[in-house]
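Tertiary structure, described
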Amino acid sequence: MQDYNYVYGNCLEITMELSCCKYPPASELHKEWDLNRESLLAYIEAVHMGVRGFVKDVVSGAVLSNVSIVVAGNRHNLTTAKYGDYYRLLLPGTYNITAVTPGYLPMTINSVQVAEGIATELNFTLSPMAGETTGDTTLATTSEPSTSHPATTVSSTLNKTQVVFTEGNKINPPVHQPIQPKEFRHHDFADMELFLRKYNSEFSSITHLHSIGRSVKDRELYVMIISDNPKVHEHGEPEFKYVGNMHGNEVVGRELLLNLIEYLCRNYGTDSEVTWLVNNTRIHIMPSMNPDGYEEATEGDVKGYKGRNNSNKFDLNRNFPDQFVTITDPRQPETQAVMEWVKSTPFVLSANLHGGSLVVNYPFDDDKERIRGSHYSKSPDDEVFKQVSRAYSEENPLMHNGHPCENLYPQEYFQDGITNGAEWYTVPGGMQDWNYVNTNCFEVTIELGCIKYPWANDLPKYWEQNWRALLKFIQQVHTGVKGTVTDFRDGSGIPNATISLKGINHNITTAQTGDYWRLLVPGTYSVTATAPGYKPVSIYATVSKDHAEVVDFRLARFDSDNNVQTTSGPKTTQNPSEKELQVLISELSVDGGLEQLVMSTASDNSLHYIGSNDLFNYLRGLTLNFSNITKLHSLGQSVEFRTIWALEITNNPEEAEPSKPKVRFVAGIHGNAPVGTDLLLEFAAFLCINYHKNPAITKLINETRIFIVPSVNPDGREQAQEKQCTSSQGLTNSNDIDLDSDFFGNESHRMGEPQPETRAMMNFIQNGDFTLSVTLDGGALVVTYPYDKPVQTVENEGTLKYLAKVYAKNHQKMHLGDIACSNNEQKGNVPGGVMRAAVKQSHTGSMKDFSMDLGHCPEITVYTGCCLFPPADQLVTLWAENKKALLSMLVEVHKGVRGLVKDKSGKPVVGVSIVLNRRMKVFTSKGGYFHVLLAPGNYSIEAIADGYQKQQLKVEVSPYEAASSIVIEFDLDRSIFGLPREFVVACAAAAMTALVITACIIWCVCAAKSNHQKDGFHRLRQHRDEYDDEVRLNSMGSKKSLLANEFQDESESEEETLYANKI
C-alpha cells in the first residue's frame, strides 16, 4: 500500500512496526500509548514541511487542477487537487520548482528556500500559451524565488521568451525577458486619465482605479492600485505607495509611474518577480499629486519654477503639518486629500518622486535648529531609512556614483547616492516627515534626474536607469518583522494595538484585522505588543536581510475580577464607548499600565524654553496642526497686556459637553519658575501628536475636556533669567504682586482690586465647572494639597491627599519623599512626597484655596524640582520624570462618582446639592450632571433640591475603575412643613370649617343685639318734641355737649332714664 500511495497518488506513506507482540494484553495498552504518543504527534506535524500553495489562471483567476509540480533533480512529481492546491514534502534546502500543465506556459521559481518545521508558501499563476508548440519542446519561464527577491537580469531584447527542450523530468532553466513599455511620451491630464482608464479596463482582475480627491481646479487625484485583490486590504499583505509630480514641473516621476503601471500589468503572470510582487503586495501608484501645476509647466525646463506650486501658488511639499515648526499656510485640497488617504490605509513604505537632482533623500527633512545644509537630523529609524534608500540607489549606477549633476551643481556630492534631508537642506512642512511622524508609513523622497522637465525623447533613458530600482524599492516592504496581534481567548485580530521595539523610539499600530509590518535592519530585537485592556507581550526576534520575520502575538485580557472593586448604586446602561473607557481606565490603573502607555508613545528628545513672547506662536501652531481637537481661549491680559491663554484639547472643542470631566493644568503663576510652563506645552504637543496614533491617548482625549493654562504670569516670566535657581526676579507680576496671594473670594479680605491676571483666572475657575486642577510650580520636589491658609480641619482631606499621592507615586523621584534642596535649605523627608500646603508654607489668598472654596474643584500643586529656573538641557529629564504623572491625572479625573439628576419627565435638574457622607457638597451643573473625585471607599449620597423629595443611595469607589454613571430621578416633594400633604390638607379643611361655624355663631349673636338697640332709638323718635323740650330745659353745657347727648347710645341706664321721663 505504501508504494501504491507514493507511485499513483500524491501521498508519501511509510509503514510502522509498533511492537514485538502482535496482540498484547489489554493491560499493556497504556504502556504502548506512552511509548508512541509523542511519535504519533510528531509524525502528524511532519505534514507541515516543504512547500505548499495554489496554481491559478493568470487571466481569469480560476484555480487549475492536475497541474504537475516538478522539483528539479527529483524524479517524483505530484499534481494539484480539485481546488488548485498542492502540498509537496521536502527536506530543508534550496530547490528549483516548476508548475506545468498542457495549454499553459510553464512557470519556474528558482532557489526556493525550504526551512525546517514550516512549509514555504509558493503560489503559481500560469498564462495560456499564445501559440502551438511542436515536438517535445515546451515554452518555460523562469523567475527568482519569492523569499529572497533578487534582481532580475535585464536584456536589451524585449518581449521574447526563449524555447528550451525538456528531457524526461529535467527542465532546463529558460531565459525570460520581461515586456518593456513600448511608448514614451509626456501625458497631459486628459491623456493620463485615458491611459489609467485603459489599463484599469484591460487588467481589471489586478487593478483598481479611484480618485482620492480633487485639485484646486477640480482635477481628479487618481490612484491606481495593483494587486491580485486590489479593492480590499488583504490580511497579512503590506500596502505600498509611489507618489509622483508633487511639484508640477518635475515630471519624470509622473511618466515613470505610468511606465511602471504598464510594466506590472503586462508582466503579471509571465514574470515571476512581478507576479510575486503583485500577489503579495498591494501597490498604490499616484502619478500626479499636482495636476494643476503640471498643466502650467513647460517642456525643456531645467531648473525653473513655473508650475512648481499648485493653482493657489502654494508649495505642496511645504504644506504638511511639521513636528518642529508651525505651518501657517492654509492647508491645500491636494494636501488634505493625501493626508486623509494615508490615514485611511495602513501603508508601510512609500516614495515621493521629484526632479532636479539625482539622490534618495530620507528623514528628517527638518530640525529644530533649522541649520541649512550642515545639520544631520536623525530619525529613530535612521538605519532603516539608509537601508531602503541604498536599495534604490544601488540599482541606479549614476545615482549611486554620488556626483549627479556635475554641470549644474558641481559641488554636490552624496555618498552612495543618498542623503539625510536636513543635512542637504531643511524642508519644513514636507510630506515624507509627516508620513513617518503621524502614520505607520516610512517615506523617502527620490530625486530622479537633474532636469525637471526633460524632452520627451529622453524619457526612455530615464526608464532604463530607474525601472530596476523601482522594483527593488517595492521589495523592501517585505523586510523587518510582520505578524498579527490576536485575542488569546477568541483568536480575533486586535486593531490599533501598539508594536514597540526596545531602544527605538518609534511605534506603529496594527491594522483593522490585527496585522502589522515593521521595517527593520538585520539584527535581534525585543518586540512588544500592547493594546488597551490586554496584558503586554514581548518577544525576541532575529531579523534577516532577505525576508520579513513572522512574529505573532496573542494577548490575554486583563482580569477585571482581580484587584478591581465595583461601584454600587443605580447606573445608566453603558454604551460601547463607555465600556471601552472602563476597560482602559482599569488597564491604566493597575501596576505597569501607565508605564506601558509611556513606552508606547512617541516623545521629543530635545526641549527648550519658550518665552512669553513666543508662547502664542507655539499654541497657535498646535491649533493649526491639530485643529480638530484643539481650541485656544483668551482668558484676559496681564498688566503689560500680554494675553493669558488656555488651550482646550478634546475631540469636539467647539461644543460644550457637560457629561465629560474637565481637568485644568496651570503653570507659571510665578514667573521665575517656568519649568511647569514648558512641561505643559510639551504635554499638549505630546497629546496632540499621539492622537489617532496611540489608542489610549485617543480615548482619553475623546472622553475628557483638557484645559492647559501654560502661563498665568507672562510679565514675570519675561523678567526671570535662566540658571537662577533661587532668584525671586520674576516671581511677582509687573505691579510687584505675588499672584498666589491675590485670590480672595471675600471682598472684605481684599486690600484693593484684584490684579488683571488674578481676575482672569478667578473668572475661569468659577465659570469652568472643573473636576480636577493641577498646578505646576518650582523650588521644591513635593506635591501639596489644600489648604494654603491655616485651617484646623479639611472636610475632604482624604480625597485631596489621595490625588496628591497618585501624582507623586507616578513621578520618578517624588514618591521617595526626599525633599532636601541644597539651594534653598529645605531638608527632611516627607512620606510619599505629599504634604498639606499650609505645612509647607502657610499663606492666604492662594489660587488653590480659591479653587476649592469658590470653584468647587480640588487642586494640587506640583513642585517640579529644587531649582526654580534650571538650564534648558535639564528639561528633557524633567519631562521624563513628570510625563507619567501628568498622564495619571487624565486617568484619575475619570474616577470617583458621577451622574445625572433629572425629574420624572426626564428633564435635567440644575443646582441640586449632592451631599456625600453628610459633609462634602457639590452641585449639579448644566444638563443636571455632577462629578466628584473621591478617595477609594464607601460613600452615602444625598440629593437635595427645593420642591423635590430627597434621594439617598450608597456607592463604592474603586481605585482601579472609572466612575460609572448613576442616575438620580426626583419626585415632586409632596410634604408641607415636613408633614404629609394629605394630613396637612385635612387639618386645614377642618380648621376652615371650624372657623366658618364660629363666624356664623358670632354673627347671629351680634345680629340679635343689634335689633334690640335699634328698637330703643325708634322710641326716642316717637316723642321727639318732648325730648327736645327736656334737652333745652336741662341744657347747661356747650353746644358740643348737646350734640353729644343727642346721639348718645352707650349705656342702657341712660336710655331707661329718658324713657321714664317721657312717661
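Residues numbered from 1 in each chain as written. Predicted model: local features only at pLDDT ≥ 70, side-chain atom pairs only at ≥ 80, totals over all residues. Heavy atoms only, no water.

1. Quick look at the confidence of the model for the chain
What counts is decided by this rule: Across the chain, each position has a pLDDT score giving the predictor's confidence in that residue, from 0 to 100. Residue contacts are counted whenever heavy atoms from the two residues lie within 4.5 Å of one another.
Scored by pLDDT, the chain comes out at a mean of 84, with 85% of its residues at no less than 70. This stretch, residues 131-174, has a pLDDT under 50; its non-local contacts, to residues over four places away or in other chains, come to 100 contacts. Of the regions scoring below 50 in pLDDT, residues 1036-1063 engages in 15 contacts with residues more than four places distant in sequence or in other chains.

2. Remarks on the packing of aromatic side chains
Defined as follows: In this analysis, rings of Phe, Tyr and Trp, with Trp reduced to its six-membered ring, are considered paired at centre separations within 6.5 Å, and the interplanar angle assigns stacked below 30 degrees, edge-to-face beyond 60, and tilted for intermediate values. The secondary structure listing takes helices from DSSP runs of H or I that are at least 4 residues long and strands from runs of E that are at least 2 residues long, numbered from the N terminus. In this scheme, a residue with accessible area under 20% of its type's maximum is buried, one over 50% is exposed, and one in between is partly exposed, where area comes from a 1.4 Å probe on protein chains only. We call a charge positioned over a ring when the NZ of a Lys or the CZ of an Arg lies within 6 Å of the ring centre and within 35 degrees of the ring normal.
All told, the structure shown has 33 aromatic pairs when counted by the stated rule. On the numbers, 5.9 Å between centres and 55° between planes, the contact of F743 with F850 is tilted. Placement of the pair is F743 in the loop between α18 (714-719) and α19 (756-767) and F850 in helix α22 (residues 847-853), with a sequence separation of 107 residues. Judged on exposure class, the residue F743 and its partner F850 are both buried. Taken together, the aromatic side chains of F324, F364, F385, Y436 and F442 make up a single cluster linked through ring pairs. Taking the ring centre of F347 as reference, the NZ or CZ of K241 above it sits at 5.5 Å. Lying over the aromatic face of F770, K662 brings its terminal NZ or CZ to 4.9 Å of the ring centre.

3. A closer look at the state of the cysteines
Selection criterion: Throughout, disulfides are identified as pairs of cysteine sulfur atoms within 2.5 Å of each other.
The tally for this structure, following the rule as stated, stands at two disulfides. The residue that forms a disulfide with C405 is C450, at a sulfur-sulfur distance of 1.9 Å. Here the disulfide of C405 and C450 is left-handed, its torsion about the S-S bond being about -95°. Taken together, the residues span a long stretch of sequence, with C405 in the loop between α9 (397-401) and β20 (418-420) and C450 in the loop between β21 (442-449) and α12 (459-475) at a distance of 45 residues. Looking at C405, the relative accessible area reads 4%, which means it is buried.

4. Structural notes on the environment of V543
Mapped onto the secondary structure, V543 falls in strand β27 (residues 537-543). Given a relative accessible area of 4%, V543 falls into the buried group. Between the C-alpha atoms of V543 and G523, which are 20 residues apart in sequence, the distance is 5.2 Å. Residues in contact with V543, not counting those within four places in the same chain, are G480, V481, L520, V521, P522, G523 and Y525.

5. Some words on helix α16 (residues 675-690)
Residues spaced three or four apart along an α-helix face the same direction, because each turn holds 3.6 residues. For clarity, the threshold we go by: Any helix carries an expected span of 1.5 Å times its number of residues minus one.
Relative to the 22 Å expected for 16 residues at 1.5 Å per residue, α16 spans 22 Å between its end C-alpha atoms, a close match to the ideal helical length. The element α16 is extensively covered by neighbouring structure, given that 15 of its 16 residues are classed as buried. Of the residues flanking the end of α16, it is H692, one or two places downstream, whose phi is positive at about 65°.

6. Considerations on the packing of helix α8 (residues 382-393) against α12
This is how it is decided: Every axis corresponds to a line fitted to the C-alpha atoms, with the helix fit spanning only the stretch in contact, and the corresponding angles, defined between N-to-C directions, vary from 0 to 180 degrees. In these notes the angle categories are as follows: under 35 degrees is roughly parallel, over 145 is roughly antiparallel, 65 to 115 is roughly perpendicular, and the rest is oblique. Residues are grouped as follows: nonpolar covers Ala, Val, Leu, Ile, Met, Phe, Trp, Tyr, Cys and Pro; charged covers Asp, Glu, Lys and Arg; every other residue, Gly included, is treated as polar.
Relative to each other, α8 and α12 sit at 150°, their axes nearing to 7 Å. Between α8 and α12, the angle falls in the class roughly antiparallel. Contact residues: V388, A391 and Y392 in α8; N466, A469, L470, K472 and F473 in α12. Residues that form the contact of α8 with α12 fall into these classes: six nonpolar, one polar and one charged.

7. A short note on the sheet that holds β20
We apply this condition: Between any two strands, pairing holds if DSSP finds at least two bridges.
Here we have eight strands laid out as an open sheet, ordered β14-β15-β17-β16-β18-β21-β19-β20, and mixed in their pairing. At either margin of the open sheet sits one strand with a lone partner, and together these are β14 (207-214) and β20. Each strand of the sheet is rotated relative to its neighbour by a mean of 25°, with strand direction disregarded. Here strand β18 (residues 347-354) runs beside β21; their pairing, made up of six bridges, is parallel. Bridging from a neighbouring strand, S350 pairs with E443 of β21.

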